[in-house]
Amino acid sequence: MAGIQTDVCLALTGLTALDRGYEVYIVVDASAATTKETHDTAVMRLVQASAIPVNWLAVGSEILRGWVDQPLAPAFGELIYEHLPSWRHNHVASDAVAKYATQ
């Protein structure tokens, strides 16, 4: 789960869900707060209460469940390529290595 405000929306909903026996995954980079300290403190509070922190890439990857024969894989790959410059750089580098290796 995620929330507009980590320390209010996410924290209260997450703690309530945990109290009711649900396993809670918190998408820490899809929530925010007025300060980094406030965000981090709310995340720590949720983790101490047994919430499992993840990021949007992990959530998307788990939903996709693999890259082979997955109809949504190309669209998700595009999303990653667009929003994660480090992955775009890695892709360019690995393509160059693959091309060089086949020559």
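It should be emphasised that the depicted structure is a prediction, and the values quoted were computed from it without experimental measurement.

Conventions we followed
- Residues numbered from 1 in each chain as written.
- Predicted model: local features only at pLDDT ≥ 70, side-chain atom pairs only at ≥ 80, totals over all residues.
- Heavy atoms only, no water.
- Helix = DSSP H or I, 4+ residues; strand = E, 2+ residues; numbered from the N terminus.
- Polar contact = N/O pair within 3.5 Å; in protein donor to acceptor, adjacent residues only side chain to side chain.
- Contact = heavy atoms within 4.5 Å.
- Phe/Tyr/Trp six-rings, centres within 6.5 Å; stacked < 30°, edge-to-face > 60°.
- Salt bridge = Lys/Arg side-chain N within 4 Å of Asp/Glu carboxyl O.
- Buried < 20%, exposed > 50% of the residue type's maximum accessible area, 1.4 Å probe, protein only.
- Core = buried A, V, L, I, M, F, W, Y, C linked by side-chain atoms within 4.5 Å.

**So, the side chain of Ser31**
For step 1, the next point in the chain: Position of Ser31 among the secondary structure elements: in the loop between β1 (25–27) and α2 (36–48).
For step 2, the next point in the chain: A polar contact of 2.9 Å, which involves the side chain of Ser31, links it to the backbone nitrogen of Gly3.
For step 3, the next point in the chain: Here the side chain of Ser31 touches Val27 through a polar contact of 3.5 Å, landing on its backbone oxygen.
For step 4, the next point in the chain: Leave out the neighbours within four places in its chain, and Ser31 touches Ala2, Gly3, Thr6, Leu10 and His39.

**A look at the packing of aromatic side chains**
For step 1, the next point in the chain: Taken as a whole and assessed by the stated rule, the structure comprises one aromatic pair.
For step 2, the next point in the chain: Ring plane angle 80 degrees and centroid distance 6.4 Å describe the contact between Trp56 and Phe76, whose orientation is recorded as edge-to-face. A residue pair is termed long-range when its members are at least 10 positions apart, and Trp56 in helix α3 (residues 56–64) and Phe76 in helix α4 (residues 73–83) qualify at 20 residues.

**Structural notes on the pattern of salt bridges**
For step 1, the next point in the chain: Across all of its chains, the model carries one salt bridge by this definition.
For step 2, the next point in the chain: Here Asp40 ties to Lys36 by a salt bridge, and the two come within 2.6 Å at their closest N and O atoms. Separated by four residues within a single helix, Asp40 and Lys36 lie in helix α2, roughly one turn from each other.
For step 3, the next point in the chain: Given a relative accessible area of 61%, Lys36 falls into the exposed group.

**Focus on the nonpolar core**
For step 1, the next point in the chain: If you look at the biggest cluster of nonpolar residues, it comprises nine residues: Leu10, Ala11, Ala17, Leu18, Val24, Ile26, Val43, Leu46 and Ala51.
For step 2, the next point in the chain: Looking at this core, the elements with two or more residues in it are α1 (6–19) and α2.
For step 3, the next point in the chain: Among the elements that take part in this core, α1 stands out by supplying four residues, more than any other.
For step 4, the next point in the chain: With sequence-adjacent residues up to four places away left out, Val43 is seen in contact with Thr6, Ile26 and Val28.
For step 5, the next point in the chain: The next biggest cluster of nonpolar side chains, apart from the first, holds six residues, and it includes Leu57, Ala73, Ile80 and Leu84.

**Some points on the side chain of Thr6**
For step 1, the next point in the chain: For Thr6, the location among the structural elements is in helix α1.
For step 2, the next point in the chain: In this structure Thr6 comes out as buried when scored by relative accessible area, which is 0%.
For step 3, the next point in the chain: A polar atom in the side chain of Thr6 sits 2.7 Å from the side chain of His39.
For step 4, the next point in the chain: Not counting the four nearest positions on each side in its chain, Thr6 is found in contact with Ala11, Ser31, Ala32, Ala33, His39, Ala42 and Val43.

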